[in-house]
Amino acid sequence: MTAALSHIHRYVPAPGAQRLLLLLHGTGGSEHDLLEIGAAVMPGAALLSPRGKSMDEGVPRFFRRLKEGVFDLPDLHAKTAELAEFVREAKAAYGVADLPVTALGYSNGANVAASLLLSGTGLLDSAVLFRPMVPFVPEALPQLQGVQVLLASGEVDGICRPEESVRLAGLLEQSGAVVEQYWAPVGHGLTQGDILASQQFAARL
Ligand code: MLT
């Protein structure tokens, strides 16, 4: 079941769903990548999984980067706004406009989810960010009171370095969010520990 909307995507309905889980893949991924993890982390949630619209590197991403870890900020802001608009369109199209939204993103997908939070879109009430970085530092901090965020980071991640996670946690906390941090004893790849930590976080929402 897929409506024609602004992003290529998968939507997986769930009868009686209490929550919409927005799945945001990593660089070179697709709308299919996180469906299984999403269903495991939040059983019973409806799943909305868009494909990133930036193809500047020849593979899908959610926004352009100038090089690894250096982001094209005007593009990041434009793509963040487009993604927020897509989620609003999709909620209306699939009849789930009233459901609260949790984002679950990996790497580039975690970074665009962090951008949705820091841009003050008000779209997310919670987020699971696997291997995130600080996407940008807002001039004025958003109001994130009541928003719950899990950062799941790799202790030896050379791409999304541990200090980036610490910096992001600080920005989110200063904005009023309740932040939990899980440290996986690995690098950029996900582990069973990441899944378990996110299941425990999701069960408390
Ligand atoms: C990004 O570009 O968002 C980060 O460098 C992580 C990634 O490699 O996708």
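Scroll up a little and you will see the structure.
Residues numbered from 1 in each chain as written. Predicted model: local features only at pLDDT ≥ 70, side-chain atom pairs only at ≥ 80, totals over all residues. Heavy atoms only, no water.

Student: Would you explain the side chain of Arg 131 in this entry?
Tutor: Residue placement: Arg 131 occurs in the loop between β7 (126–130) and β8 (148–154). What makes Arg 131 buried here is its relative accessible area of 0%. Of the polar contacts made by the side chain of Arg 131, one reaches the side chain of Asp 194; its length is 2.9 Å. (Helix = DSSP H or I, 4+ residues; strand = E, 2+ residues; numbered from the N terminus. Buried < 20%, exposed > 50% of the residue type's maximum accessible area, 1.4 Å probe, protein only. Polar contact = N/O pair within 3.5 Å; in protein donor to acceptor, adjacent residues only side chain to side chain.)

Student: Just to check I follow, could you spell out the environment of Ala 81 for this structure?
Tutor: Following the sequence through the fold, Ala 81 ends up in helix α2 (residues 73–93). The spatial distance from the C-alpha of Ala 81 to the C-alpha of Leu 116 is 7.9 Å, given a sequence separation of 35 residues.

Student: Even after reading the chapter, I still don't get the side chain of Thr 102, so can you show me in this structure?
Tutor: Its location among the elements puts Thr 102 in strand β6 (residues 101–106). Engagement of the side chain of Thr 102 in a polar contact is seen with the side chain of Arg 19, the distance being 2.8 Å. Not counting residues up to four positions away in its chain, the partners in contact with Thr 102 are Arg 19, Leu 20, Leu 21, Leu 22, Met 42, Asp 125, Ser 126, Ala 127 and Leu 205. (Contact = heavy atoms within 4.5 Å.)

Student: How do you make sense of the sheet that holds β6 when you look at a structure like this?
Tutor: The strands that make up a sheet are held in pairs by hydrogen bonds between backbone atoms, and each pair lies either parallel or antiparallel. Strand order in the open sheet formed by seven strands is β1-β3-β2-β6-β7-β8-β9, with mixed pairing between adjacent strands. If you trace the sheet from one side to the other, it starts and ends with β1 (9–12) and β9 (178–184), each paired once. Averaged over all adjacent pairs, the angle separating strand axes in this sheet is 15°, with direction ignored. Of the pairings in the sheet, the one linking strand β2 (residues 20–24) to β6 comprises five bridges and is parallel in character. Bridge pairing links Leu 22 to Ala 103 in β6. (Pairing = 2+ DSSP bridges. Axes fitted to C-alpha atoms, helices over the stretch in contact; angles between N-to-C directions.)

Student: Explanation requested: α2 in the structure shown.
Tutor: Residues spaced three or four apart along an α-helix face the same direction, because each turn holds 3.6 residues. End to end, α2 covers 30 Å across 21 residues, agreeing with the expected 30 Å (1.5 Å per residue, within 8%). Residues of α2 that are buried include every one of Asp 75, Leu 76, Lys 79, Thr 80, Leu 83, Ala 84, Phe 86, Val 87, Ala 90 and Lys 91, and no others. For α2, the arc enclosing every buried residue in end-on projection is 165°, short of the 170-degree limit, so these residues lie on one face. Away from its buried face by more than 90 degrees, α2 exposes Pro 74 and Ala 92. Tucked into the core, α2 has its buried residues touching β1, β2, β3 (46–50), β6 and α3 (108–118). Remark: Gly 95 follows α2 within two positions and exhibits a positive phi of approximately 70°. (Expected span 1.5 Å × (residues − 1). Arc of directions from axis to C-beta.)

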